[in-house]
Amino acid sequence: MATAFEKHPTGTGWVVEDHDSFRVARTTFTDQDVLERERGGIFDRCWLYIGHESELPNPNDFVRRSVGGRDLIFNRDRKGDYHAFFNSCPHRGAAVVREDKGSSISFKCFYHGWSFNNNGAFATRFAAGTYPDDFNKDGCANLVSVPRLAGYAGFWFVNFDANAESLEDYLAGAKDFLQVVADHAADGMEIVGGIQEYSVRANWKLLVENSFDGYHAHETHSTYLEYLVDAIGGPAELFPSRGNISRAYDLGNGHAVIEGPAPWGRPVAQWIPAWGEDGREEIAAIYAELEKRLGKERAEQVAYGNRNLLIFPNLVINDIMAITVRTFYPEQPDYMNVNSWALAPKGEARHFRKRRLDNFLEFLGPGGFATPDDVEALESCQRSYRNRAAAGWNDISRGMLRDEPLADDEAQMRAFWREWDRRVAKAG
Amino acid sequence: MATIEHAGVSAGRQGGTPTRSEIEDFLYLEAQLLDEWKLDEWLALFAEGATYDVPTTRADDDADSADQLFLVADDYARLQHRVRRLKKPGAHSEWPRSRTAHSISNVRIVEAEGDELLIRSVFVTYRAKNDVTDCYFGHHFHRIRVQADGLRILSKRSMLDMSSLRPHGRVSIIV
Ligand code: FES
Ligand SMILES: [Fe+2]
């Protein structure tokens, strides 16, 4: 029971831990008040993923993004510099960009027609006398920039807090894992066309936990694992020197990863019999390039390491049978919007890309053989929290007594929850 | 009860292009089999080697699953597994199974060449589970082969015309 636990002296009281026990109050998944504090303490202050550099390959490219409850434009100007703007016309507020993506040297608001260069500068001329001559001397007619924008290893982030620490400091130990993903290909990585845009009728933190939950796979995903046995045509070729244990690593600042051997084929670069002898040669060639470019240890990590990475609070990069990049935001305590992308090496051969996307769809996404069952589990948890007055606490203690936590323990979730607790307490 | 024999175009039909009402009957049969969760019978409407795919919302009709992320891009092996899986209690999303109503309209034969037809139709599919009802809508393309023993689906592509899968969250049923 809750009373048996120490409250963190500086915490919210909703996350309670002892040396061998860790519980989280179910009210954190249901209360509007908690969501407001998350908005103030987390989404208004943390670095949030806005997009991948490959989505803006050329100067003048733009995409429209919903990030942290804001509608944003992420773009490059004529010189190629990156920008993030609030997608609200300074005149009366209409959305300045209404397409999902495109390329344009300027943006024009459809309501009264104010125009802006793609560096945000107001660009409309009025007849003399319409406005004062020095109209916009304070910049009031320019698009409003998001206070902070920065990229690391091809991944771009925004921060709505002008005083936030630098992105690199924030990312802490997660930097190296972003680099591992970027290292998959000599010519860089790209987001594949097509976004899976869906929702889950559950609190966003349930998807945080689920995204790197090594414990549930055998129970929740039995039908996927049964499929896998047929589909891969024999065991995946594991790399013996990496061992066969998956572990969890706390990367600091609430970021964490689980990493270990993969039971499935990895387009980079773990062969399975279903890919045939030609496939074996192709995978060997990819591996050879990795080892030449990155050295043996890193090449093995890229090729044979299966990773579920969380960048606090809500960027998931799962480098598993394919690579998915996923963010999700609460609309309500019991409802989130999810966006999922596939990330792949630039210029990948067509049959490779197909193999990768097949791998992705077999497991991942709203039509996969696994994700719908995760959605069912999350929604089931959420519905059951109506019992929270009597059944009020989640247990997140698995493996606490182990010095080196395993991937099917819950140390990675505890890393998330401690940071959540610290930030939400401050926002009280 | 729906059986394959009730397909408008059944064994022994004589040559020529099926009429639209024969095609409609076939699509209505497909819809009924799905609503009755007769998934093996549904699968039997497909030719061996057939495909079933669902691009992401807002994709183009000619989207290519080798170069774009889809929601579903089943070759015949995955399609067979999808059916096997949906019959298992381990397919938690559909166990207990949801209730559905597949409605088909605006059926048109848009191409006919030899014994193959391309059919475009509009669908509205309701899915209800846990006291929540979701509505999927869009259009299907069925590529159909006319055989002596009836019609077979060579490929089915379901284009979702919602702007996103919100609030549905999944396409765990066959739309
Ligand atoms: S609101 Fe944009 S020009 Fe008036
Ligand atoms: Fe899962």
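Quantities reported herein were computed from a predicted structural model and do not represent experimental measurements.

## Description of the sheet that holds strand 4 (residues 61–67) of chain A
Through backbone hydrogen bonds, the strands of a sheet pair up, either in parallel or in antiparallel fashion. All names here are of chain A. A sheet is described by the order of its strands in space; here four strands give the open sequence 6-5-4-7, paired in antiparallel fashion. Lying at the two open borders of the sheet, with one neighbouring strand each, are strand 6 (82–86) and strand 7 (101–103). Along the sheet, successive strands turn relative to each other by an average axial angle of 25°, direction set aside.

## Some remarks on the coordination of the iron ion (ligand 2)
Residue and element names in this part refer to chain A. For the iron ion (ligand 2), the protein coordination sphere consists of His216 (NE2), His221 (NE2), Asp374 (OD) and Asp374 (OD), at 2.1 to 2.4 Å. Classification of the site at the iron ion (ligand 2) rests on its four donor atoms, whose angles at the metal span 58 to 149°, yielding the label irregular. Mapped onto the polypeptide sequence, the residues donating to the iron ion (ligand 2) form the spacing pattern H-x4-H-x152-D. Of this pair, His216 sits in the loop between helix 4 (204–211) and helix 5 (217–220) while Asp374 sits in helix 10 (residues 371–384), placing them 158 residues apart in sequence.

## What about the environment of B:Phe123?
All names here are of chain B. You can see Phe123 is positioned in strand 4 (residues 116–129). When the C-alpha atoms of Phe123 and Ser103 are compared, they prove to be 5.5 Å apart, with 20 residues separating the residues in sequence. Excluding its chain neighbours within four sequence positions, the residues that come into contact with Phe123 are Ser103, Ile104, Tyr136, Phe137, Gly138, His139, His140, Ser158, Met159, Leu160 and Val175.

## Thoughts on unusual backbone geometry
Following A:Phe312, the chain continues into A:Pro313 via a peptide bond in cis, with omega recorded as 0°. Relative to the elements of secondary structure, A:Pro313 occurs in the loop between strand 16 (305–311) and strand 17 (315–319). The phi torsion at A:Ala153 lies on the positive side, around 55°, for a residue other than glycine. Classification of A:Ala153 by relative accessible area gives partly exposed; the value is 25%. Of note in this structure, B:Asn106 is not a glycine but carries a positive phi near 50°. Turning to its location among the elements, B:Asn106 is positioned in strand 3 (residues 99–113). The exposure class assigned to B:Asn106 is exposed, which follows from its relative accessible area of 54%.

Conventions we followed
Residues numbered from 1 in each chain as written. Chains lettered and ligands numbered in written order. Predicted model: local features only at pLDDT ≥ 70, side-chain atom pairs only at ≥ 80, totals over all residues. Heavy atoms only, no water. Pairing = 2+ DSSP bridges. Helix = DSSP H or I, 4+ residues; strand = E, 2+ residues; numbered from the N terminus. Axes fitted to C-alpha atoms, helices over the stretch in contact; angles between N-to-C directions. Donors = N, O, S within 2.8 Å, 3.2 Å for Na, K, Ca; no water. Tetrahedral: all angles 85-135°; square planar, octahedral: opposite > 155°, others 65-115°. Contact = heavy atoms within 4.5 Å. Buried < 20%, exposed > 50% of the residue type's maximum accessible area, 1.4 Å probe, protein only.

Geometric values such as these leave the question of function open.
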